[in-house]
Amino acid sequence: LLVLGIESSCDETGVALVRAEGEGVPTLLAHALHTQVAMHADYGGVVPELASRDHIRRVIPLANEVLAQSGTALEAIDMVAFTRGPGLAGALLVGAGLACALGAALDKPVLGVHHLEGHLLSPFLSADPPEFPFIALLVSGGHTQLMRVDGVGRYELLGETIDDAAGEAFDKSAKLLGLGYPGGPALARLAEFGDPEGFKLPRPLLHSGNLDFSFAGLKTAVLTHAKRMESAPCDQQRADLAASTQAAIVEVLVKKSLNALKNSGLKRLVVAGGVGANARLRDDLNAACAARGVRVHYPELHLCTDNGAMIALAGAMRMQAGIEAPSRQYAFDVKPRWPLDQLPLAA
Ligand code: ATP
Ligand code: MG
Ligand code: FE
């Protein structure tokens with residue numbers, strides 16, 4: 001079964017092809033990605049109208065690239081999965097539009113996929129795929145959630161951020177340090193040269209006793225220090241502030257993940273989403289989990305942020321699990337807002 005996946009929820013256009021056989025974990029045959037980061041950088045954030053237009057320009061060439069790379073004829077595709085939401089409405093419509101056009105032209109069914117389920121399942125494409133059940137730490141640009149995952153479509157939300165997402169905390173702090181957009185990777189690079197204890201920053205909700213997160217207060221603290229630095233800029237201090245910010249975010253993520261593991265008694269953790277690429281987070285989680293006999297699984301580094309592979313994978317796995325039959329309705333109703341707990345569930 002060949003599944004083409006299309007991602008266009010925000011500022012990455014991604015197309016991929018996976019093969020699913022029986023119950024086995026689907027394998028990635030090819031994927032292609034275009035990031036609009038450079039285009040939005042001048043504006044300090046994603047401009048929705050520009051994003052939609054660029055998806056339109058890129059998505060068909062990327063699909064052709066994937067077919068060529070994998071030596072697959074268009075007619076051989078059995079199903080098209082696309083990101084149905086959450087995300088920018090106009091951007092989502094581009095992927096949905098192509099998916100439905102292909103489906104209608106080829107007489108093949110389509111399946112709308114939840115973007116976060118894509119992130120969540122992306123570690124299944126790694127060389128070390130997880131097994132159910134596990135605790136998932138989903139840390140992306142728009143979400144920070146801890147979940148208990150018992151199978152495809154069986155997700156229980158344990159806690160989430162009450163304000164900013166972890167990726168947002170990275171991005172906003174990076175902006176305050178003059179690092180541009182998106183700042184996560186840039187802040188991580190600057191942090192390598194800094195002292196993580198150079199600045200005393202808050203660890204919001206660290207001892208809250210629940211599994212919720214809050215990062216807005218951290219951003220305010222970073223702002224205060226960044227302002228103070230403006231009068232006498234110092235490279236070492238900037239690096240120290242970057243390192244301290246990263247350390248604060250990572251400490252909270254690690255602590256809460258360990259609490260979720262402890263509460264559940266599970267010995268398996270899956271990390272997904274763009275912040276999952278952060279080296280400090282990986283190092284600290286690996287150390288903490290090794291000490292507790294917990295196995296940690298990550299997506300491949302290049303599949304942490306948005307991509308088509310995770311959408312093709314999630315579509316294929318949902319179908320394998322028999323949760324949702326793909327449809328020939330070709331009604332591309334996207335869902336810009338779409339809580340994960342509103343997904344059709346497994347029986
Ligand atoms: P969502 O999936 O919640 O809709 P999104 O798609 O924008 O949001 P992702 O693509 O999963 O989010 O991840 C992007 C985020 O990951 C950005 O906030 C970015 O700064 C952050 N990020 C990427 N690499 C790193 C890194 N090495 N360290 C820290 N943050 C990073
Ligand atoms: Mg992005
Ligand atoms: Fe994402």
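In this convention, every chain numbers its residues from 1, walking through the sequence in written order. Lettering for chains starts from A, numbering for ligands starts from 1, and both go in the order in which the items are written. Only residues with pLDDT of 70 or above have their local features reported here, since the model is predicted, and side-chain atom pairs are shown and tallied only from 80 upward, although totals for entire chains, interfaces and linings are computed over all residues.

## So, the sheet that holds strand β6 (residues 134–139)
Right, on to step 1. Two strands qualify as a pair provided that DSSP identifies no fewer than 2 bridges between them. Numbering of helices and strands runs from the N terminus; a helix is a DSSP stretch of H or I covering at least four residues, while a strand is a stretch of E covering at least two. Within the open sheet, the 5 strands sit side by side as β8-β7-β6-β9-β10. Their pairing is mixed. Only two strands of the sheet have a single neighbouring strand rather than two, namely β8 (154–160) and β10 (295–297). For this sheet, the mean angle separating the axes of adjacent strands, direction not counted, is 25°.
Right, on to step 2. Direction of pairing for strand β7 (residues 144–151) relative to β8: antiparallel, over a ladder of 6 bridges. Residue pairing for β8: Q145 is matched across the bridge by E160.
Right, on to step 3. Running over the sheet, helix α8 (residues 235–264) touches β6, β7, β8 and β9 (268–272) and is turned about 155° from β6. Axis lines are fitted through C-alpha atoms, for helices just across the contact stretch, and the angle between N-to-C directions can take any value from 0 to 180 degrees. Two residues form a contact once the distance between their C-beta atoms, set from the backbone, is within 7 Å.

## Let's talk about the UniProt feature "domain: Gcp-like" (unreviewed entry) in the protein chain
Right, on to step 1. Sequence positions flagged by UniProt for "domain: Gcp-like" (unreviewed entry) are, in local numbering, residues 28–312.
Right, on to step 2. For residues 28–312, the helix share is 47%, the strand share is 17%, and the end-to-end C-alpha distance is 9 Å. UniProt positions are given in the numbering used here, feature names are shortened, and annotations may be inferred rather than shown by experiment.

## Structural notes on the nonpolar core
Right, on to step 1. Each nonpolar core reported here comprises buried Ala, Val, Leu, Ile, Met, Phe, Trp, Tyr and Cys residues connected via C-beta atoms within 7 Å. Working definition of burial: number of other C-beta atoms within 10 Å of the residue's own, with buried at 20 or more, exposed at 12 or fewer, and partly exposed in between, all C-beta atoms being placed from the backbone. With 107 residues, the main nonpolar core has V18, A81, A136, A312 and L313 as its most contacted residues.
Right, on to step 2. Among the elements that line this core, the one with the most residues is α8, at 11 residues.
Right, on to step 3. Excluding anything up to four places from it in sequence, A136 contacts L120, M147, V149, V270 and A272.

## Remarks on the UniProt feature "binding site: substrate" (unreviewed entry) in the protein chain
Right, on to step 1. Following the UniProt record, the feature "binding site: substrate" (unreviewed entry) maps to L138, V139, S140, G141, G142, D171, G184 and N278 here.
Right, on to step 2. Classification of V139 by C-beta neighbours within 10 Å gives buried; the count is 30.
Right, on to step 3. Contacts of V139, omitting those with residues within four sequence positions, involve T144, A166, G167, L253, G273, V275 and G276.
Right, on to step 4. Leave out the neighbours within four places in its chain, and D171 touches G141, Y181, P182, G183 and G184.

## Re the site of ligand 1
Right, on to step 1. Nearness is defined per residue: the C-beta atom, placed using the backbone, must lie within 6 Å of the molecule or strand. Neighbouring ligand 1 are 22 residues, the closest being G141, G142, G167, G184 and G274.
Right, on to step 2. At the level of secondary structure, the elements contributing two or more residues to the shell around ligand 1 comprise α4 (115–121), α5 (166–176) and α6 (184–191).
Right, on to step 3. Of the residues belonging to the shell around ligand 1, the class tally is 7 nonpolar, 13 polar and 2 charged. When residues are grouped by polarity, Ala, Val, Leu, Ile, Met, Phe, Trp, Tyr, Cys and Pro land in nonpolar, Asp, Glu, Lys and Arg in charged, and all others, Gly among them, in polar.

## What about the sheet that holds strand β1 (residues 2–7)?
Right, on to step 1. Spatial strand order, β3-β2-β1-β4-β5: 5 strands in an open sheet with mixed pairing. The open sheet terminates on both sides in strands that have one partner only, identified here as β3 (27–35) and β5 (110–114). Strand-to-strand twist in this sheet, taken as the mean axis angle between neighbours without regard to direction, amounts to 20°.
Right, on to step 2. The sheet contact formed by β1 and strand β2 (residues 12–19) spans 6 bridges and is antiparallel. Among the inter-strand pairings, V3 is bridged to a residue of β2, identified as V18.
Right, on to step 3. In this fold helix α2 (residues 48–70) packs onto β1, β2 and β3, with an angle of close to 25° to the strand it touches most, β2.

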